[in-house]
Amino acid sequence: SGGHLLALGLSALLGFAGVAHFVRPQFFDPIVPDWMPGNPRTCTELVVPLKAGADIIGVLDLQSPDEDAFSERARHVVRVYAENAALAIANAQLLTNLERARQAAEEANLAKSSFLARMSHELRTPLHGISGMAELLHETPLNDRQRRCASTISGCSETLLALVTDILDFSKAEAGKVVLDCV
């Protein structure tokens with residue numbers, strides 16, 4: 001009914017505004033469940049916001065059937081508890097976010113390694129073909145100009161193959177997959 005919704009809204013509003021300590025008004029609906037603010041057996045209610053920085057992440061709502069049940073010391077203890085609870089919740093969220101970021105970084109690293117391995121294969125295969133054909137070309141009768149062109153092709157393909165190999169080796173080192181040979 002409207003009474004318990006008003007009570008819930010009032011508790012949340014006062015909790016968001018700051019620590020609220022109040023005695024139950026008379027307008028609460030007597031059919032409100034025990035767990036909901038505005039419980040007919042609630043005489044005193046203490047509402048404390050759970051703050052993470054400037055953000056309010058929840059409300060701690062304590063109820064008692066006793067009149068003026070929360071002393072100044074009890075209110076202080078509840079405020080400290082609320083601060084620590086909010087800090088624990090915020091820290092848990094940070095750890096969750098950190099774990100998600102770590103997983104995303106690992107997935108990106110695997111994708112990069114897969115890409116580099118695939119590109120290495122795609123580049124090495126034609127480079128080996130170019131290098132091999134340049135070597136075969138050297139074994140045929142060539143004039144000086146043709147021999148210089150075949151040497152340029154051979155040298156460029158070997159340089160490019162070495163560069164691709166270095167990139168793949170760097171990627172392997174970054175991934176911790178380098179195999180060292182004993183000399």
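Every value quoted in this text rests on a predicted model; they were computed, and no experiment measured them.

Structural notes on the overall build of the protein
In terms of regular secondary structure, the protein is built from 3 helices and 3 strands. Secondary structure of the protein in N-to-C order comes out as α-β-β-β-α-α. Across the protein, the fraction of contacts at a sequence separation of at least 24, relative to all contacts at a separation of at least 6, is 53%. Summed over all atoms, the accessible surface of the protein reaches about 12500 Å², with 63% contributed by carbon and sulfur.

Focus: the nonpolar core
Core analysis: the biggest nonpolar cluster contains 8 residues, these being L46, V48, L50, F70, V78, A82, A85 and A86. Among the secondary structure elements, those contributing two or more residues to this core are β2 (44-52) and α2 (72-138). If one sorts the elements of this core by residue count, α2 sits on top with 4 residues.

What to know about the environment of T125
Tracing the sequence through the fold places T125 in helix α2. On the basis of relative accessibility, which here comes to 46%, the residue T125 falls in the partly exposed class.

Some remarks on helix α3 (residues 144-174)
Here α3 is 31 residues long and its end C-alpha atoms lie 45 Å apart, about the 45 Å a rise of 1.5 Å per residue gives. The complete set of buried residues in α3 reads A150, S154, S157, L161, V164, L168 and S171.

Remarks on the pattern of salt bridges
Under the defined criterion, the tally for this structure stands at 4 salt bridges. Here R79 makes a salt bridge to E72, at a shortest N to O gap of 3.3 Å. Residue R79 is classed as partly exposed on the basis of its relative accessible area of 26%. The salt bridge involving E106 is made with R102; its shortest N-O contact spans 2.3 Å.

Some details on the pairing of strand β3 (residues 55-64)
In this sheet, β3 lies alongside β2 in antiparallel orientation, the contact comprising 9 bridges. Paired with K51 across the strands is I56, a residue of β3. Two successive antiparallel strands, β2 and β3, enclose a turn made up of 2 residues, where G53 displays a positive phi of approximately 70°.

Overview of the side chain of R75
The residue R75 is located in helix α2 in this model. At a separation of 2.6 Å, a polar atom in the side chain of R75 contacts the main-chain carbonyl oxygen of F70. Reaching out from R75, the side chain makes a polar contact with the side chain of E72 at a distance of 2.7 Å.

Considerations on a nonpolar patch on the surface
A contiguous nonpolar surface patch, about 250 Å² in accessible area, is contributed by F115, M119 and L123. By the secondary structure assignment, M119 is in helix α2.

Digging into the side chain of S157
Among the secondary structure elements, S157 is positioned in helix α3. Engagement of the side chain of S157 in a polar contact is seen with the backbone oxygen of S154, the distance being 3.0 Å. When residues no more than four places from it in sequence are discounted, the contact partners of S157 are L127, I130 and S131.

Here's the deal with the confidence of the model for the protein
Summarising the model, the protein shows a mean pLDDT of 78, and 76% of its residues fall at 70 or more. Averaged over each element, pLDDT in the protein is lowest for helix α1 (residues 2-17) (47) and highest for α2 (90). Across residues 1-10, confidence stays below pLDDT 50; counting only partners more than four residues off in sequence or on other chains, it has 14 contacts. Predicted confidence for residues 25-33 stays below pLDDT 50, and this span has 18 contacts to residues more than four positions away or in other chains.

So, how was this worked out
- Residues numbered from 1 in each chain as written.
- Predicted model: local features only at pLDDT ≥ 70, side-chain atom pairs only at ≥ 80, totals over all residues.
- Heavy atoms only, no water.
- Helix = DSSP H or I, 4+ residues; strand = E, 2+ residues; numbered from the N terminus.
- Contact = heavy atoms within 4.5 Å.
- Areas by Shrake-Rupley, 256 points an atom, 1.4 Å probe, with all protein chains shown as cover.
- Core = buried A, V, L, I, M, F, W, Y, C linked by side-chain atoms within 4.5 Å.
- Buried < 20%, exposed > 50% of the residue type's maximum accessible area, 1.4 Å probe, protein only.
- Expected span 1.5 Å × (residues − 1).
- Salt bridge = Lys/Arg side-chain N within 4 Å of Asp/Glu carboxyl O.
- Pairing = 2+ DSSP bridges.
- Polar contact = N/O pair within 3.5 Å; in protein donor to acceptor, adjacent residues only side chain to side chain.
- Patch = residues over 30% accessible without salt bridge, like charges linked within 9 Å, V, L, I, M, F, W, Y side chains within 5 Å.
- pLDDT = per-residue confidence, 0-100.

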